[in-house]
Amino acid sequence: MAPPSSRRSGFSKKQQYSVFTGYLLAALGALAGLALLVLSLWQPAAFQPVRGAASDVAAPVGEATATARAGGNNAWDTVTGFWRAGSQNVALRREVEVARIRLAEAEAVEAENRRLKALLGLSQSATSEGAPPIAATRLIGSSASSARRFAYIGVGQSDGVAVGMPIRSERGVIGRVLESALSSSRVLLLTDSESVLPVRRASDQTVAFAEGRGDGLLRIRLINLGLNPLKVGDVFVTSGAGGYYRPGVAVAVLSEITSDGGIARLIAEPSATNFVIVEPIYEPLAVEASSVRARDELTEEELND
């Protein structure tokens, strides 16, 4: 049997090898993580299939969570309505609110028709029906506290969903498809800091841009600077410019006046939305032409550099 001193020496070497191996694995893991982080920042599109697969896996869980959330919201609304004036009043208030939104949209469509009749010299004009929706689904999740504002829906490429398609609820615009996986999609919300939507006031032809601020609100920036004609309570709808959204869909209500426009609240709040529809792109050729022009400008900048 070896002396105690030799046993202590052997045990010490084994412990040293274990510690060295642990540090080595930790260093390799840190380097691998750093490499993946740099790659994701340099080439975000390379991780789109991975994000899509993860979104597909998480979609069933999101569906169950959305169902539970909807049940909880309905139960809470019933209790609140009972203590205030009865559950029937809750349903009536919702119907009145939706009716006001539809009235604002109808006024916007009527104003657009009058403008087109004046330009074309027509005495009559028939309102054409929009294309049928691509799909109807639940809004299974949305980011409420991060710097970027995204949402996720339970339909994807297998349902005909493509990048750029508008997403709307019964109240108004939610956003548009940013990435589409096989059975789920990621949506860029209107309040995201990278979102810019051409809008106009529902009561007239005052045009502006609705820019996301990243905090749940929109900045309404007027195109024609000068005397600010906006008032608190003005309803803004899509103008149809840009080609993504059809005109006349409710977007936001002005809550604050600024020097170049104002601050507005969303009409269709994603956190309070359960079901949405995916619509086809309003003017695909206009969107394609805009994308080609943007790529050409980027190429020219790169060549100049």
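Look above for the structure.
Okay, so let's go over this structure. Since the model is a prediction, treat every value here as computed from it, not as a measurement.

1. A word on the overall build of the protein
Counting its secondary structure elements, the protein contains four helices and 12 strands. Taken as a whole, the protein presents about 18,500 Å² of accessible surface, with 60% of it coming from carbon and sulfur.

2. A word on the pattern of salt bridges
If you walk through the whole model with that rule in mind, you get 12 salt bridges. The residue aspartate 204 makes a salt bridge to arginine 201 at a minimum N-O spacing of 2.6 Å. Overall, arginine 201 belongs to the buried group, its relative accessible area being 9%. Taking the shortest distance from any N to any O, the salt bridge between glutamate 279 and arginine 246 comes out at 3.7 Å. Separated by 33 residues along the polypeptide, glutamate 279 in the loop between strand E12 (275–278) and helix H4 (284–304) and arginine 246 in the loop between strand E9 (235–238) and strand E10 (250–258) bring together distant segments of the chain. Given a relative accessible area of 11%, glutamate 279 falls into the buried group. According to the relative accessible area criterion, arginine 246 is partly exposed, its value standing at 32%. What you see here is one network of salt bridges that share partners, running through Glu211, Arg219, Arg221 and Asp260.

3. Structural notes on the nonpolar core
It is characteristic of soluble globular proteins that their nonpolar side chains tend to be buried jointly. Of all hydrophobic cores here, the largest spans 18 residues; its most connected members are Leu190, Leu197, Val199, Leu218, Ile220 and Val251. Once you skip the residues sitting within four places of it in the chain, valine 251 turns out to touch Val173, Leu190, Leu197, Val199, Leu218, Phe236, Val237, Thr238, Arg265, Leu266 and Ile267. Core analysis: the next-biggest nonpolar cluster, separate from the first, contains 15 residues, Ala135, Val161, Ala268 and Val276 among them.

4. Digging into the side chain of arginine 168
Looking at the secondary structure, you find arginine 168 in strand E3 (residues 166–168). Relative accessible area serves as the criterion here: at 8%, arginine 168 is assigned to the buried category. If sequence neighbours within four positions are ignored, arginine 168 has contacts with Arg102, Glu105, Val173, Ile174, Arg246, Val249, Val276, Ile277 and Glu279.

Criteria and cut-off values
- Residues numbered from 1 in each chain as written.
- Predicted model: local features only at pLDDT ≥ 70, side-chain atom pairs only at ≥ 80, totals over all residues.
- Heavy atoms only, no water.
- Helix = DSSP H or I, 4+ residues; strand = E, 2+ residues; numbered from the N terminus.
- Areas by Shrake-Rupley, 256 points an atom, 1.4 Å probe, with all protein chains shown as cover.
- Salt bridge = Lys/Arg side-chain N within 4 Å of Asp/Glu carboxyl O.
- Buried < 20%, exposed > 50% of the residue type's maximum accessible area, 1.4 Å probe, protein only.
- Core = buried A, V, L, I, M, F, W, Y, C linked by side-chain atoms within 4.5 Å.
- Contact = heavy atoms within 4.5 Å.

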